[in-house]
Amino acid sequence: MRIYLVDDYEKMSKKAATIVASQMRIKPDSVLGLATGSTPEGMYKELVKMHKKEDLDFSEIKTFNLDEYYGLPKDNRESYYFYMMNNLFNHINIKKGNINIPNGMEEDIKAECIRYEEEIEKAGGIDLQVLGIGRNGHIGFNEPNLKFEALTHLVKLDEDTITANSRFFDSLDEVPTKAISMGIKTIMHSRKILLLANGKEKALAIKKALEGPIKPEVPASILQLHIDVTVIIDKEASKELNLEDHPKLKWS
Ligand code: F6R
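Residues numbered from 1 in each chain as written. Predicted model: local features only at pLDDT ≥ 70, side-chain atom pairs only at ≥ 80, totals over all residues. Heavy atoms only, no water.

Observations concerning the layout of surface pockets
Okay, so step 1: Its volume calculated, the largest pocket comes out at about 470 Å³.
Okay, so step 2: Together, 28 residues line the largest pocket, and Gly-37, Ile-133, His-138, Asn-165 and Lys-202 are the ones closest to its centre.
Okay, so step 3: Looking at the lining of the largest pocket element by element, the count peaks at four residues for helix α5 (residues 159-165).
Okay, so step 4: For the lining of the largest pocket, the class distribution of residues is ten nonpolar, twelve polar and six charged.
Okay, so step 5: Approximately 220 Å³ is the volume attributed to the second largest pocket. (1 Å grid on protein atoms, 1.4 Å probe; cavity = no way out; pocket = protein on both sides within 12 Å on 5 of 7 lines; lining within 4 Å. Points joined across faces, edges and corners; volume = space filled by probe spheres on them. Helix = DSSP H or I, 4+ residues; strand = E, 2+ residues; numbered from the N terminus. Nonpolar A, V, L, I, M, F, W, Y, C, P; charged D, E, K, R; others polar.)

Right, dumping it as C-alpha cells:
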C-alpha cells in the first residue's frame, strides 16, 4: 500500500488525476472503475482539463461505476448516471457505449447484477478502480458487516450513509434506501486501486481502514490485502493515523 499525504483537497484531486491519466497513457484501452460523491469531483475536473488542454484521450477507455441508487431514473439530478454525465462524460471523448453504470430502474435486479459482473469480465476486468470511503468505512455501497465475498448486489443503505448523502437531496425522506453496488469481491478483483479521502470526517474511517484489523465491520479494511493500492489523503483525513507506522508513506 502506497500512501500519499497531501496538504488539501486540490492537491489530492490533482495527484489522483495524474495517476488515472498515467494509467490511460500506459494503456489507452484501460478499463476504469469510477466512484461518485464529493471526493472525486475535483479529480474529474482535472481529468476534463487534461482532456481539453493535453489531449488526454478517452476514445478507447471503458468505465464501470461502482454503484447506482435503486429506484432513481437516469434523469434524476441525484442519480449517479446524472452525476457522471455532468462531472465527466459530457466533457470528454468517451464512446457512450463504453460507459457502464448499474441500472437502478431495472425490475429484475438479480439479472442486472449478473449482467454487470459479466460486462466487467467481458471487458477484461478493471485495470484501475477509484474509491472514496464512507464515514462508516464503506467502499462502493458495501456497508459494514456485509460479506467480503459479495459480487454486484442490491444493498440496503446504512442510516449513516442515508444521513451523509441527504446533503444532496431536498429532504432525508427523498434519499433512496437501497442501491446496486459492486461487491467487495468485485472491487478486490481490480488490478489496481486508488483510494481517496479528504476532510476530518473521514479521519477515523481512514485509520480503521489502514491500521485496524481486517473485518467486515470496516469494509475498507480488506484493502490491506490487495497487492496494488495507492491511497491519497489530505492532512485532515490523516489526523488519526500513526504516521511513523507507514513505511511507504510519501509526502507530496
Ligand atoms: C460513491 C461510493 C461511495 C462514496 C462514499 C464517500 O460511488 O461508492 O462509497 O465514495 O460514500 O462519499 P463522499 O465522497 O461524498 O464523501
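Structural notes on the sheet that holds strand β1 (residues 2-6)
Okay, so step 1: In space, the eight strands of this open sheet follow the order β5-β3-β2-β6-β9-β10-β1-β11, with parallel pairing throughout. Of all strands in the sheet, those bounded by a partner on one side alone are β5 (99-100) and β11 (249-251).
Okay, so step 2: Sheet analysis places strand β3 (residues 62-65) next to β5, joined by two bridges and oriented parallel. Note on β5: the bridge partner recorded for Phe-64 is Asn-100.
Okay, so step 3: Along the sheet face, helix α1 (residues 9-26) touches β1, β2 (31-34), β6 (128-131), β9 (192-197) and β10 (229-234) and points at about 165° away from the line of β9.
Okay, so step 4: Helix α4 (residues 109-122) rests against β3 and β5 of the sheet, and its axis sits at about 150° to β3. (Pairing = 2+ DSSP bridges. Contact = heavy atoms within 4.5 Å. Axes fitted to C-alpha atoms, helices over the stretch in contact; angles between N-to-C directions.)

A few points about the site of the ligand
Okay, so step 1: Around the ligand sit 14 residues in total, of which Thr-39, Asp-67, His-138, Gly-140 and Lys-202 are the nearest.
Okay, so step 2: The side chain of Asp-67 places a nitrogen or oxygen atom 2.6 Å from an oxygen atom of the ligand.
Okay, so step 3: In this structure, Gly-140 approaches the ligand through a main-chain N or O atom, which is 2.7 Å from an oxygen atom.
Okay, so step 4: Protein burial of the ligand: of its 410 Å² of free accessible surface, 94% is covered by the chains. (Near = heavy atom within 4 Å. Polar contact = N/O pair within 3.5 Å; in protein donor to acceptor, adjacent residues only side chain to side chain. Areas by Shrake-Rupley, 256 points an atom, 1.4 Å probe, with all protein chains shown as cover.)

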